[in-house]
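Here is how the chains run, residue by residue.
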Amino acid sequence: MITELTGLPLANASLLDESTAAAEAMAMAYAGSRMKKHTFIIDKNVYPQTAAVIRGRADGLGITVVETDIMHSKVLESKKDDLIGVLVQYPRKDGKIVDYNKISNIVHSYGGQLICSADLLSLTILAPPSTFNADIVVGSAQRFGVPMGFGGPHAAFFACSDANKRKLPGRLVGVSKDRLDHPAFRLSLQTREQHIRREKATSNICTSQALLANMSAFYAIYHGPEVFSQDG
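Basis of the calculations
- Residues numbered from 1 in each chain as written.
- Predicted model: local features only at pLDDT ≥ 70, side-chain atom pairs only at ≥ 80, totals over all residues.
- Heavy atoms only, no water.
- Helix = DSSP H or I, 4+ residues; strand = E, 2+ residues; numbered from the N terminus.
- Salt bridge = Lys/Arg side-chain N within 4 Å of Asp/Glu carboxyl O.
- Buried < 20%, exposed > 50% of the residue type's maximum accessible area, 1.4 Å probe, protein only.
- Phe/Tyr/Trp six-rings, centres within 6.5 Å; stacked < 30°, edge-to-face > 60°.
- Expected span 1.5 Å × (residues − 1).
- Arc of directions from axis to C-beta.
- Pairing = 2+ DSSP bridges.
- Contact = heavy atoms within 4.5 Å.
- Axes fitted to C-alpha atoms, helices over the stretch in contact; angles between N-to-C directions.

1. A closer look at the environment of F218
Next up, step 1: With respect to the secondary-structure elements, F218 resides in helix α6 (residues 210-223).
Next up, step 2: Sequence separation between F218 and F144 is 74 residues; the distance between their C-alpha atoms is 8.8 Å.

Rendered as structure tokens:
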């Protein structure tokens, strides 16, 4: 469901919430730079709770976080030699739907990664983040049949490009075959060294909202793709 809506080829078996998923995305982009770059840019139209968690995570990693209006700022160019990546909201917190193609091209030309924090339900009618070449897409699955619950818990989703698969936080479930040659799901990939030599792990996150992730998947299955289509 997540790969179809985001347009990206890989999605993990859920994370805790949108804010910590965004922080994991930043850490993954940082690892992708081989920890040689130290500036991460957040668009000012990202939700404040997400920005707050990212700032806290960045402090421990030695990453400098810059918040700016990404559509009208020269900060991106000034940080091009030290750029880990950029986080944008889709749609933005002010409700606007922005085409990030230009920003994406600039970020990639500087060697950074574009991370998109997206509203899952909006992706049923909006162009998927893959159309503007987002490298990582995160967000909350709460909109898919999970009550607000006074702020949580809500399962987070995390999708990424194939190039990022070895650094994907959490767990990746894939289809294999059992001993009788029947299709079978299995744990294909876990965070590197999550259980041993933990100080060298690319991510130590191990909390997911599996029940709530399944609830959201069943919600989508129950309603079916035609209900979520633009024509319907």
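2. Remarks on the pattern of salt bridges
Next up, step 1: Applying the stated rule across the entire model yields six salt bridges.
Next up, step 2: With a shortest N-O distance of 2.6 Å, D94 and R92 are connected by a salt bridge.
Next up, step 3: The exposure class of R92 is buried, given its relative accessible area of 11%.
Next up, step 4: The partner of D181 in a salt bridge is K177, with the nearest N and O atoms 3.8 Å apart. The pair D181 / K177 is uniform in exposure class, with both members exposed.

3. Some remarks on the packing of aromatic side chains
Next up, step 1: Applying the stated criterion to the full structure yields four aromatic pairs.
Next up, step 2: Arranged with centres 5.5 Å apart and planes meeting at 70°, the rings of Y100 and F132 form a pair that is edge-to-face. Of this pair, Y100 sits in the loop between β4 (83-90) and α5 (101-109) while F132 sits in the loop between β5 (113-118) and β6 (136-140); the two residues are 32 residues apart in sequence, bridging distant segments of the chain.
Next up, step 3: Take Y100: its relative accessible area is 0%, and that puts it in the buried class.

4. Things to note about helix α3 (residues 48-61)
Next up, step 1: Under the 1.5 Å per step criterion, the end-to-end length of α3 is 20 Å for 14 residues, consistent within 8% with the ideal 20 Å.
Next up, step 2: When we look at burial in α3, the residues that qualify are T50, A51, I54 and A58. For α3, the angular spread of the buried residues around the axis is 90°, confining them to a single face. Within α3, the exposed residues directed more than 90 degrees away from the buried face are P48, D59 and G60.
Next up, step 3: Where α3 terminates, the next one or two residues include G62, which has phi positive at roughly 75°.

5. Digging into the sheet that holds strand β3 (residues 64-68)
Next up, step 1: If you trace the seven strands from one edge of the open sheet to the other, you get β1-β7-β6-β5-β4-β2-β3, paired in mixed fashion. Two strands in the sheet have a free side with no partner beyond their single neighbour: β1 (10-11) and β3.
Next up, step 2: Along the sheet, helix α2 (residues 18-32) makes contact with β2 (39-43), β4, β5, β6 and β7 (156-160), crossing β7 at roughly 25°.
Next up, step 3: Of the strands in this sheet, β2, β3 and β4 touch α3, which is tilted by about 155° from β3.

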